[in-house]
Amino acid sequence: MSPSPPVRLPVGESVLRSESQGLRSAQQQVATISELPQVHDAFSWFRNHARELEELQLEVTAIPAPPWGESARSHWLREHFAELGLSEVHRDELGNVFGIRCGTDAAAPFIALSAHIDTVFPSDTPISVRRDDGKLYGPGVSDNSSGITALLAIAGAMRATGLANIAPILFLGNVGEEGEGDLRGMRQIYQQPQWSSSIASLVVIDGAGADTIIAEGLGSRRYEVTVRGHGGHSWSDFGVANPIVALARVIDRFTRTPVPVSPKTTYNIGIINGGTSVNSIPESATMRVDTRSASVDELDRLERALHEAVDHAIPEITGRKKQELLTAEVRIIGNRPAADLPADSPLLKMVRAVDAQLGNTARIQRASTDANVPLSLGRQAIAIGSGGSGGGAHTIHEWYDPTGRELGLKRILLLTLALCGVADE
Ligand SMILES: [Zn+2]
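Computed from a prediction, not measured in an experiment: that's the story for all the values here.

**Overview of helix H5 (residues 71–83)**
Over its 13 residues, H5 runs 19 Å from end to end, which matches the ideal 18 Å to within 8%, given 1.5 Å per residue. Burial in H5 covers these residues: Arg73, Ser74, Trp76, Leu77, His80 and Phe81. Mapping the buried residues of H5 onto a view down its axis gives an arc of 160 degrees, with all of them on the same face. Seen from the open side of H5, the exposed residues pointing more than 90 degrees away from its buried face are Glu79 and Glu83. Next to the buried residues of H5 lie helix H4 (50–61), strand S1 (87–91), strand S2 (97–101), helix H6 (145–161) and strand S6 (169–174).

Rendered as structure tokens:
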């Protein structure tokens, strides 16, 4: 169930209003906020709660959250949002978790902070978490348990220090970011007018680090190609068309497709399956293909190349007899839109101002994140890291080093406060 929020100014109007009032530059706003005693207190809170944050991070990592299986973790997050005093805490039907820190201006649009709660790991992945030599280990510990921990740290520090935000802050733990989740959690949120018309800016917290600003969405399309045939015995049916051989020809042809360095365009054959035994001609073979590009035209071109490789390879392999015919099917299993945040956007100016204030160097990067969804709708969104450092992402050897987490948390807090404004006491 989604409670109905108070009537809010449409996003556009509020931006105009703040622009007309915008006498102070982003830099001045951030500098003023940085001097507030409650902000200093919040920074100390991050330092004093470093150990508790590590415990939370290990705890959430130990809860499996495979694609389409995020329920247990989603309930865990809901409980933590409620404990932190957020209001209107609830889950939607997909398992997205919502919590609001009310602002002094109930009609202002939301500033949203999100972290995806899903992992890439299938449900049968053994999950063991541990702390060793100051580092945290476990599948997903950095991507994205560190992001979830950052959400809880921001909500915890704001509560402990009594920071009074003007615009309300929407805390979001969303499902379905990774792989074939295909951004389904964030898509669902932006498909609902209740949220899409009332979120002014979305700050996605994804993975470790504080040295990047993902302001450019990387588009991707993914396919499952299946070749089916008659099958048979390797000896007595020798000559019957073999789907694995056909698929190999498709791969050979497709991977000869030239791709430009700029706009960067890539492809990958990530999974291949087929056959039942060494002495059987298989009845089917399947592969999964990932294509990525900064340009939709290049994605279209790769799609045509894939179809062309299939259309060419199948007749080549198919035998003369009718029962030996092979069939092929190309199915889209993922489609992430691509779009960039304009260089003069207020959100980009603000994160730049925050980095200047903290003496932090960050570069603009292109990636595929939950920010793709609002960016493709022409809305304000970026993705940044949770601080610290990490490695081994998407492997069971993943680690997170909390050294430097404070910088990432300070960055997220200052950006959030600068976007929502802080009320005078
Ligand atoms: Zn991630």
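Let us keep going from here.
**Considering the coordination of the zinc ion**
Within the protein, the atoms that donate to the zinc ion are His116 (NE2), Asp143 (OD) and Asp206 (OD), at distances of 2.0 to 2.1 Å. If you list the donors of the zinc ion from N- to C-terminus, the spacing comes out as H-x26-D-x62-D. Residue Asp143 is found in the loop between strand S5 (135–137) and H6, and its partner Asp206 is found in the loop between strand S7 (199–205) and strand S8 (212–217); the two are separated by 63 residues along the sequence.

**What to know about the nonpolar core**
Ranked by size, the top nonpolar core spans 84 residues in total, and within it Phe46, Phe81, Leu170, Phe171, Ile382, Leu413 and Leu415 carry the most contacts. Among residues more than four places away in sequence, those in contact with Ile382 are Leu202, Val203, Val204, Ile213, Ile214, Ala215, Leu341, Leu347, Val351, Ala371 and Leu415.

**Let's talk about the packing of aromatic side chains**
Scanning the entire structure with this criterion turns up 5 aromatic pairs. When the ring of Phe98 is compared with that of Trp195, the centres are 5.0 Å apart and the planes differ by 20 degrees; the resulting orientation is stacked. Note that Phe98 is positioned in strand S2 and Trp195 in helix H8 (residues 193–196), a separation of 97 residues in sequence. The pair formed by Phe98 and Trp195 is uniform in burial state, with each residue classed as buried. Ring geometry for Phe254 against Tyr267: centres 5.3 Å apart, planes inclined by 55 degrees, an arrangement best described as tilted. Here Phe254, found in helix H9 (residues 243–254), pairs with Tyr267, found in strand S11 (residues 265–274); they are 13 residues apart in sequence, far enough to count as distant. Within the aromatic cluster, the residues linked to one another by ring pairs are Phe98, Phe110 and Trp195. One residue, Arg130, lies across the ring of Tyr137, its end atom 4.2 Å from the ring centre. When the ring centre of Trp399 is taken as reference, the NZ or CZ atom of Lys135 above it lies at 4.4 Å.

**Topic: the pairing of S7**
With 7 of 7 residues buried, S7 is to be regarded as a mostly interior element. Bridge count for strand S3 (residues 110–116) against S7 is 5 bridges, and the pairing is parallel. Residue pairing in the sheet places Phe110 in a bridge with Ile199 of S7. Pairing geometry for S7 and strand S16 (residues 380–384), over 5 bridges, is parallel. For Val204, the partnering residue across the bridge sits in S16 and is Ala383.

**Observations concerning the sheet that holds strand S17 (residues 389–391)**
In spatial order, the strands read S4-S5-S18-S17; together these 4 strands make up an open sheet with antiparallel pairing. At either end of the open sheet lies a strand with only one pairing partner, and these are strand S4 (130–132) and S17. Neighbour-to-neighbour, the strand axes of the sheet open up by a mean angle of 25 degrees, direction not taken into account. Relative to strand S18 (residues 399–401), S5 runs antiparallel, the two being bridged by 2 bridges. Following the sheet pairing, Tyr137 is matched in S18 by Trp399. Packed on one face of the sheet, H4 meets S4, S5 and S18 and runs near 135 degrees to S4.

What counts and how
- Residues numbered from 1 in each chain as written.
- Predicted model: local features only at pLDDT ≥ 70, side-chain atom pairs only at ≥ 80, totals over all residues.
- Heavy atoms only, no water.
- Helix = DSSP H or I, 4+ residues; strand = E, 2+ residues; numbered from the N terminus.
- Expected span 1.5 Å × (residues − 1).
- Buried < 20%, exposed > 50% of the residue type's maximum accessible area, 1.4 Å probe, protein only.
- Arc of directions from axis to C-beta.
- Contact = heavy atoms within 4.5 Å.
- Donors = N, O, S within 2.8 Å, 3.2 Å for Na, K, Ca; no water.
- Core = buried A, V, L, I, M, F, W, Y, C linked by side-chain atoms within 4.5 Å.
- Phe/Tyr/Trp six-rings, centres within 6.5 Å; stacked < 30°, edge-to-face > 60°.
- Lys NZ or Arg CZ within 6 Å of the ring centre and 35° of its normal.
- Pairing = 2+ DSSP bridges.
- Axes fitted to C-alpha atoms, helices over the stretch in contact; angles between N-to-C directions.

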